[in-house]
Amino acid sequence: METKGKFDILRRKLIALFGTLTAALGVFSLRRKLASQENKETEPAPENHESQNGHKPRWGMVIDLDKCTGCGACVVACSVENNMMLGDAQLAEQGRVIRWMYLLPMIEGEYPNIRSRIMPMLCQHCDRPPCVFVCPVSATYKNPEGLVAQIYPRCIGCRYCVNNCPYTIKYFNWGDPEFPQPIPKGFNPDVAVRYKGIVEKCTFCHHRLQIAREKAKAEGREFRPEDYVPACVEACPAKAIYFGDLNDPESEVSKLAHSRRAFRLLEELGTQPKVIYLTEG
Amino acid sequence: MAKIVAAMEFIAGFLFVTLLAVVIPANERKVEQPLPFNHKKHVEAGWKCINCHPFADHQKFAGLPQAQECVDCHKAEMPKYPNNKKMREITELLEKEYIAKGREIPWVVVHSVKDFVYFSHQRHVTLGKVECVECHVGVDKMTEPVTKPLFPLPTYPKMIAYNQSVRKMEWCLDCHRQKKVTTDCNACHR
Amino acid sequence: MSMKDLMKEIKVNRRGFFKWGAISGTAATLPLWIQKLLPSPVGLKETRPKLYGEESFLPSVCGCCEAGCGVLVRVIKGNAVGIKGNPHHPVNKGALCPKGFTLIQELYHPDRVKTPLKRKGDRGSNEWKPISWEEALGEVSEKLREIRSKGEPHSLLILTGSTNKFERLMLRRFSSAFGTPNIVEVGWCFGQGMVDAASAMMGLNFNFDLEDAAFIISFGFDWLQSFPSPVEATYAYSVLRRGKPDRRVRIVHIEPHLSITGIKADEWIPVKPYTESALALGIAHVIVAEGLYDKDFVLNHTFGFEDWVDEKGRVHLGFKSLLLRDYEPERVSKFTGVDKETIRRLAYEFAEKKPSLALTDRTRFYDQMAVLSLNALVGSIGVKGGILHFDDFFPFSLPPCQQDEIARKGLSSNPITKTDGKIFPLAELVSEEVPDSILNSSYPVNAVLLYRANPVFSSPDLGRWVEAIKTVPFVVSMTSFLDETSMFADIILPLSVTLESWQATSTRTLKGVPVLSLSKPVVEPLYDTLSGVDILLRLTKSIGGTVSESFPWQDASEALKESLRGLFTSGQGEPLSEPPAAEEESWIEEETKPTLDKWFKNIAATGGWTDKKVAEKLPPLKFKTPSGKFEFYSLTLRKRLGEETPDIFCLPHVEDPEFLGELGKEVRLSVAPQGGDGKTFHLYLFVPLVFKGGEGAHLPYLQGIAGSYLSEHRWETWVEINPETADELGLENDEFVWVVSPIGRVKARVKRYVGVPKDVVAMPLGLGHTAYGRWAQYVGSNPSAVVPKVLDKITGQPLWQLTLVRIVKEGKSDGNQRQI
């Protein structure tokens, strides 16, 4: 009996010892974290080199439905530019083939009086994005230039944002994409490849903006908005997609956005999308 | 005496398991460079980083020297170092093994960033005017070729420490914050 | 308790300390162990090669269709990683259609043929043995030499599929030097425009000058999806709608189903298949009857409008009389189901808005004639915004090939299909008659050479082709992918894809500007493949004799350079953009005269050659017809068909017993099969843009776009059924049905679609491959299997829209899409 008692004390002492060590380690590691928290208070500077004239761009897109012919070049150009998953018949059956940009048909009426329209559909990069409000880890956020970004390493795959987006243009990777060799040789090196468990969406080809800014700086000139051309804008054979700075009243997108033909999707939800469509006629 | 033995046994057990956990991954991290390149010698001879890593000022990656460049320079400089047997050996090796056979030198890239990070040398070198050794600390003093260290030390100099690839975003962020450059996630993550 | 007692305890339990040590060690290093065991999170899987190297944008030519758009390929360290249109190329002006972007996927496709293959098992068993090029070429050339030595070079049949103009030149040269007249083009006729009518009525090539038209009406031609030059069609559409601030051109579309063109048009008029020409002639009737036609053009530049008298004094029927006699709006309205008022309204619109344009596809010959004559009536031939006529721009020319006695004898023998007199008078060689000629042994075929041809997929009633090919002793296929037809080959010679080979093709823009698209390979061949022309050069060297002498060049680029000497010496035109400065030669004393070498290098470096001055002046209204004028009454046809042929067969008319009476009883719709629900439907087939030419199904990025007006991301063959009809048949959306015709049946997924009339069902062509790579194999089904072989009497082209089908319910969808 005595032996047991002594063991109890020994056990308690050991537990106390290890407990203290663990606590100490924990505090030690947290201390560094707490220290770096202070640094976070400083306002993260925007891309300082870029907004020299004090003017911050707000990137938006105008799609002229009267010019669009529904050919799908924008869809394929986006897929090629962004290393999109390939898909197969079975995944298509399940609706799990991801295309950041796709053609949305809207067909109403009865034969033969039919009202129909084909709309290229992509992330609207809302100014009040519903997906950003609900992300628990800030993996999606709106950057100072208005682009709604998706940061892949932070995403935990909870799919709250996928559910919250009223346009349903956020896509979740339900499985690892299969890229049989040698397809990875043809990947765009500027864009990350997404794997299972990550949400992805159109980024307005943000990587092209990074590269264009750098190129302008390196060539010693001012960055012009027309240097930044997303893949779909470049691809369209009908030149139906315009892209530019909505904050600049002289830019083409600004002027078109105020045209009498302009409309935005689901405006009543208050998301303030930055993709403006021009109706036919 | 018993105390000491007991303590030693405890430590033995502890170390045994710890070393297992550390040495096995360390073995996988072992990196063999194909040639015994000595940075220090070349820097002392007056070479600048940009001479052999030529894309650093206008591309995203700095580039690595190929056999032709090494041989061209070695041949030109050979008269200055008539007693350097090693240099002659290396030049011959390069000519025979690489240039004649049309092979590229299979350098193992140690300093790199992950796939989902956008890092551009041009931006840092030309636009940011960051010195090479600010991030690649101590490379100019290395006599051995660049390899991965056996043990990933949690060292906390903020940049890419001597011989390590970027493992922590913190290293980049600290410098960015100090120099008041963008810390926007979207600027580096793509 | 004291330290001493503690130590005593420890002494007793000493052995445990190693264990305790081990346990503590494990606990301390637990994170490291977990890291090893867990699957690696994002980004730690680095599957792609790190690309370190200079980046460059190299020009190339998209070879997916005849349009020959220019592309710029982003190449980093020998890898093609990005692609976009070449902004300096006059055809596409920096844009591309969806197919152009997939050139990279085609290059890095996992199912490409990597080495020459030899058949190991039975034909069609898909068992192959990789062999070397020497062996492969040796065997092929031996067989070909054997054929020649027997004095039967005409028993070699060459089937060509999608080729660019230069390849076509070389293949023809080969057939000429070898001695076989049997070089046949196989492939779909969709999307080519009114080619046959243009050659009969104008004797020239044509272009639709869409951009400047004032009114467009298309008859059964989904021109936004199937067009000879898709990028130009789309661009023209945007110009028509928004090109000028005060002008928005009206577009009317007449087609059995609401295609994408129908969706984008201002007015869609549904009709039954092959009744569009009746509507065209009804409109023509109103235009002529009301005197709305362009009298000046018709009087001075056309022949056959009025009745005419030949040299023997016989009176022949003219177009006007035929129209006024047979095509009153009342009758046409009853036939087509379109009401009279619409016909009149369209006629007035078409005649009054100038220049107006009527478009049609390569359908039945007389239908093409009807629509082309509609253009002629209002004077839209040879004017801006109408139909522009041009000579074919073919800048490649080589010195005549060497022919020996064997070759001459072979060339003078009859070709494999009969095309003279009443039999296919306007065709050269009828591809769809080839299997029958082989099967009924009326023609000896000892060898077949396939060049990117896939008739087993793209022909109606494809069983015939399978049977025919199986009987041929020796089949060689030159292709990049193992498609259905190549499955029956004995030897496969793998072709390098577009980005790995020299590309050269010539086209005209819709405005008539000639463009030569020329580029060199942008990447090294990934596998042991050769470009088509290189294979030909090696093969001919092996065969020897005059065949080899006709191909004296070392490689494709040399042959190409030689063939363009004529263009170089003409001194016209310029490269597409400023050529890059030549580094090596800058310090040499340059000759004042440019050399062919340098000119060729510059052209290849910029992506091509063009001559912008051409479009500034329109060609004169002179046509290459027997009368020298635009012929409503085709004298060419009359000559081929014979003097005794009834006049109506030389004039545009509707090939239906309704309008032809006794003469028209040959053309009938196929008899509907028994069974099903007692209801028969007209089967209307169309080709989505991504499957143009029969290729495209093997590329996953293209699969989701077909049928984008119906639903998203579907990889399947669907059948569009009117919702009311579907209700009557008890069909739900997305359910599987069998589409049954007299010769077969295919499975398709029901799409309840308001865009089809109640008695028509529409299906897309392009899916249903049984080979051709993992993304095409067994995806969808091939409606060609249910279309019987019915050929147009005049051109020999298959008629796709004559099938009557029944719909048979299958059961709930189980996701299984096997083709029957």
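Residues numbered from 1 in each chain as written. Chains lettered and ligands numbered in written order. Predicted model: local features only at pLDDT ≥ 70, side-chain atom pairs only at ≥ 80, totals over all residues. Heavy atoms only, no water.

**Brief notes about the overall build of chain B**
Scanning chain B for helices and strands turns up 9 helices and 0 strands. Scanning chain B from its N terminus toward the C terminus, one meets helices and strands in the order α-α-α-α-α-α-α-α-α. The buried share among the 190 residues of chain B stands at 34%. Counting only contacts in chain B whose residues sit at least 6 apart along the sequence, the fraction spanning at least 24 positions is 63%. Approximately 11300 Å² of chain B is accessible, and the part contributed by carbon and sulfur atoms is 64%. (Helix = DSSP H or I, 4+ residues; strand = E, 2+ residues; numbered from the N terminus. Buried < 20%, exposed > 50% of the residue type's maximum accessible area, 1.4 Å probe, protein only. Contact = heavy atoms within 4.5 Å. Areas by Shrake-Rupley, 256 points an atom, 1.4 Å probe, with all protein chains shown as cover.)

**Focus: the overall build of chain C**
Counting secondary structure elements, chain C contains 29 helices and 30 strands. The C-alpha radius of gyration computed for chain C amounts to 31 Å, which stays within 12% of the reference 28 Å derived for 820 residues, consistent with globular compactness. Seen through its C-alpha atoms, chain C measures out along the principal axes to roughly 140 × 75 × 60 Å. Long-range contacts, defined as pairs at least 24 residues apart, comprise 74% of the intrachain contacts of chain C with a sequence gap of at least 6. As displayed, chain C offers around 30400 Å² of accessible surface, 52% of which is attributable to carbon and sulfur atoms. Measuring between centres, the 97 positive side-chain charges of chain C sit 5 Å from its 102 negative side-chain charges. (Rg over C-alpha atoms; globule rule 2.2 N^0.38 Å. Lys, Arg positive; Asp, Glu negative; His and termini not counted. Charge placed at Lys NZ, Arg CZ, Asp CG, Glu CD.)

**Notes on the packing of helix 11 (residues 276-289) of chain C against helix 14 (residues 329-336) of chain C**
All names here are of chain C. Running from amino to carboxyl end, helix 11 crosses helix 14 at an angle of 165°, the nearest separation of the two axes being 9 Å. Taken together, helix 11 and helix 14 sit at an angle that is classed as roughly antiparallel. For helix 11 against helix 14, the interelement crossing comes out left-handed. Residues Ala 278, Leu 279, Gly 282, His 285 and Val 286 of helix 11 form the contact with helix 14, whose own contacting residues are Pro 329, Val 332, Phe 335 and Thr 336. Tallied by class, residues from the contact of helix 11 with helix 14 come to 6 nonpolar, 3 polar and no charged. (Axes fitted to C-alpha atoms, helices over the stretch in contact; angles between N-to-C directions. Parallel < 35°, antiparallel > 145°, perpendicular 65-115°, else oblique. Left-handed = near helix turned anticlockwise from the far one by under 90°. Nonpolar A, V, L, I, M, F, W, Y, C, P; charged D, E, K, R; others polar.)

**Considering the interface of chain A and chain C**
You'll often see interface size given as the accessible area lost when the parts meet. Each partner contributes to the interface: chain A provides 73 residues, whereas chain C provides 75 residues. Overall, the association of chain A and chain C removes approximately 6100 Å² of surface from exposure, summing both partners, and the carbon and sulfur fraction of that is 63%. On the surface where chain A and chain C come into contact, there are 6 salt bridges. For A:Asp190, the salt bridge identified is with C:Arg74, shortest N-O distance 3.0 Å. Those elements that place two or more of their residues in the side of chain A that touches chain C are helix 1 (2-40), helix 2 (73-81), helix 3 (89-94), strand 2 (102-110), strand 3 (113-121) and helix 7 (231-235) of chain A. Looking at the side of chain A that touches chain C element by element, the count peaks at 7 residues for strand 2 of chain A. Each residue belonging to the side of chain A that touches chain C can be placed in one class, and the counts come to 43 nonpolar, 13 polar and 17 charged. (Buried area = accessible area lost by both parts, 1.4 Å probe. Salt bridge = Lys/Arg side-chain N within 4 Å of Asp/Glu carboxyl O.)

**Examining a nonpolar patch on the surface**
A contiguous nonpolar surface patch, about 350 Å² in accessible area, is contributed by A:Leu14, A:Leu17, A:Phe18 and A:Leu21. Among the structural elements, A:Phe18 can be located in helix 1. (Patch = residues over 30% accessible without salt bridge, like charges linked within 9 Å, V, L, I, M, F, W, Y side chains within 5 Å.)

**Topic: the pairing of strand 21 (residues 514-519) of chain C**
Along a regular strand, successive side chains alternate from one face of the sheet to the other. All names here are of chain C. Across the 6 residues that make up strand 21, a large majority, 6, are buried. The alternating pattern of strand 21 places Pro 514, Leu 516 and Leu 518 on one face and Val 515, Ser 517 and Ser 519 on the opposite face, and all of these are buried. Across 6 bridges, strand 20 (residues 503-508) lies against strand 21 in antiparallel orientation. By the bridge assignment for strand 21, Ala 504 is matched with Leu 518. In sequence, strand 20 turns back onto strand 21 through a hairpin of 5 residues, with Gly 512 there showing a positive phi of about 95°. The pairing of strand 21 with strand 23 (residues 608-610) spans 3 bridges and is antiparallel. Note that in strand 23 the partner of Leu 516 across the bridge is Trp 609. (Pairing = 2+ DSSP bridges.)

**What about the sheet that holds strand 8 (residues 241-245) of chain A?**
Residue and element names in this part refer to chain A. Reading across from one edge, 8-1-10-9 is the order of the 4 strands in this open sheet, with mixed pairing throughout. Since the sheet does not close on itself, it has two edges, and those belong to strand 8 and strand 9 (262-263), each with one partner. With 5 bridges joining them, strand 1 (residues 59-64) and strand 8 adopt antiparallel strand pairing. The residue bridging Trp 59 from the neighbouring strand is Asp 245, located in strand 8.

**A few points about the sheet that holds strand 5 (residues 128-130) of chain C**
All names here are of chain C. Strand order in the open sheet formed by 7 strands is 5-4-19-18-17-6-7, with mixed pairing between adjacent strands. A single partner strand is all that each edge strand has here, and the edge strands are strand 5 and strand 7 (183-185). Averaged over all pairs of adjacent strands, the angle between their axes in this sheet comes to 20°, without regard to strand direction. Pairing analysis gives 3 bridges linking strand 4 (residues 117-119) to strand 5, with the strands arranged antiparallel. Bridging across to strand 5, Lys 118 finds its partner in Lys 129.

**A short note on the environment of C:Gly68**
Residues and elements named next belong to chain C. Following the sequence through the fold, Gly 68 ends up in the loop between strand 1 (55-61) and strand 2 (70-76). Here Gly 68 falls in the buried class, since its relative accessible area comes to 1%. Separated by 438 residues in the primary sequence, Gly 68 and Ser 506 have C-alpha atoms spaced 7.3 Å apart.

**Some points on the side chain of A:Asn82**
All names here are of chain A. By secondary structure assignment, the location of Asn 82 is in the loop between helix 2 and helix 3. Asn 82 sits in the buried class, given a relative accessible area of 2%. Look past the residues within four positions of Asn 82 in its chain and what remains in contact with it is Trp 100, Val 191, Arg 194, Cys 205 and His 207.

**Here we look at the packing of helix 11 of chain C against helix 13 (residues 319-326) of chain C**
Residues and elements named next belong to chain C. Relative to each other, helix 11 and helix 13 sit at 110°, their axes nearing to 9 Å. In terms of axis orientation, helix 11 runs roughly perpendicular to helix 13. Each of Leu 281, Ala 284, His 285, Val 288 and Ala 289 in helix 11 lies in contact with helix 13, whose residues at this interface are Phe 319, Lys 320, Leu 323 and Leu 324. Residues of the contact of helix 11 with helix 13, tallied by class, amount to 7 nonpolar, 1 polar and 1 charged.

**Some points on the confidence of the model for chain C**
Residues and elements named next belong to chain C. The pLDDT averaged across chain C works out to 88; a share of 91% of its residues lies at or above 70. Here residues 583-588 scores under 50 on pLDDT; set against residues more than four positions off or in separate chains, the count is 4 contacts. Note that pLDDT drops below 50 for residues 812-820; the model gives that stretch 26 contacts with residues more than four away or on any other chain. (pLDDT = per-residue confidence, 0-100.)

**Topic: unusual backbone geometry**
With an omega dihedral of -10°, the bond running from A:Tyr111 to A:Pro112 counts as a cis peptide bond. Positionally, A:Pro112 belongs in the loop between strand 2 and strand 3. Cis rather than trans, the peptide bond between C:Lys354 and C:Pro355 has omega equal to -5°. In this fold, C:Pro355 is placed in the loop between helix 15 (340-352) and strand 15 (356-360).

**Notes on helix 9 (residues 230-242) of chain C**
Since the α-helix turns once every 3.6 residues, residues separated by three or four places project in the same direction. Residue and element names in this part refer to chain C. Over its 13 residues, helix 9 extends 18 Å from the first C-alpha to the last, a length consistent with the 18 Å expected when each residue adds 1.5 Å. Buried residues dominate helix 9, accounting for 11 of its 13 residues. Looking at the packing, one finds that the buried side of helix 9 touches strand 9 (215-219), strand 10 (250-254), helix 10 (260-264) and strand 20. (Expected span 1.5 Å × (residues − 1).)

**Observations concerning the packing of aromatic side chains**
Residue and element names in this part refer to chain C. In this structure the tally under the stated criterion is 39 aromatic pairs over all chains. Centroid distance Phe 335 to Phe 659: 5.0 Å. Interplanar angle 85°. Geometry classified as edge-to-face. Of the two residues, Phe 335 sits in helix 14 while Phe 659 sits in helix 27 (residues 657-660), which places them 324 residues apart along the sequence. On the basis of relative accessible area, Phe 659 is assigned to the buried category, the value being 5%. Ring geometry for Phe 686 versus Trp 718: centroids 6.4 Å apart, planes at 55°, classification tilted. Of this pair, Phe 686 sits in strand 25 (residues 681-686) while Trp 718 is found in strand 26 (residues 718-721), placing the two residues 32 residues apart along the sequence. Taken as a pair, Phe 686 and Trp 718 share a single burial class, namely buried. In textbook terms, an aromatic cluster arises when at least three aromatic residues are bridged by ring pairs, as seen for Tyr 293, Phe 305, Phe 319, Phe 623, Phe 630 and Phe 632. Looking at Lys 295, its charged tip hangs above the ring of Tyr 293, at a distance of 5.1 Å from the centre. (Phe/Tyr/Trp six-rings, centres within 6.5 Å; stacked < 30°, edge-to-face > 60°. Lys NZ or Arg CZ within 6 Å of the ring centre and 35° of its normal.)

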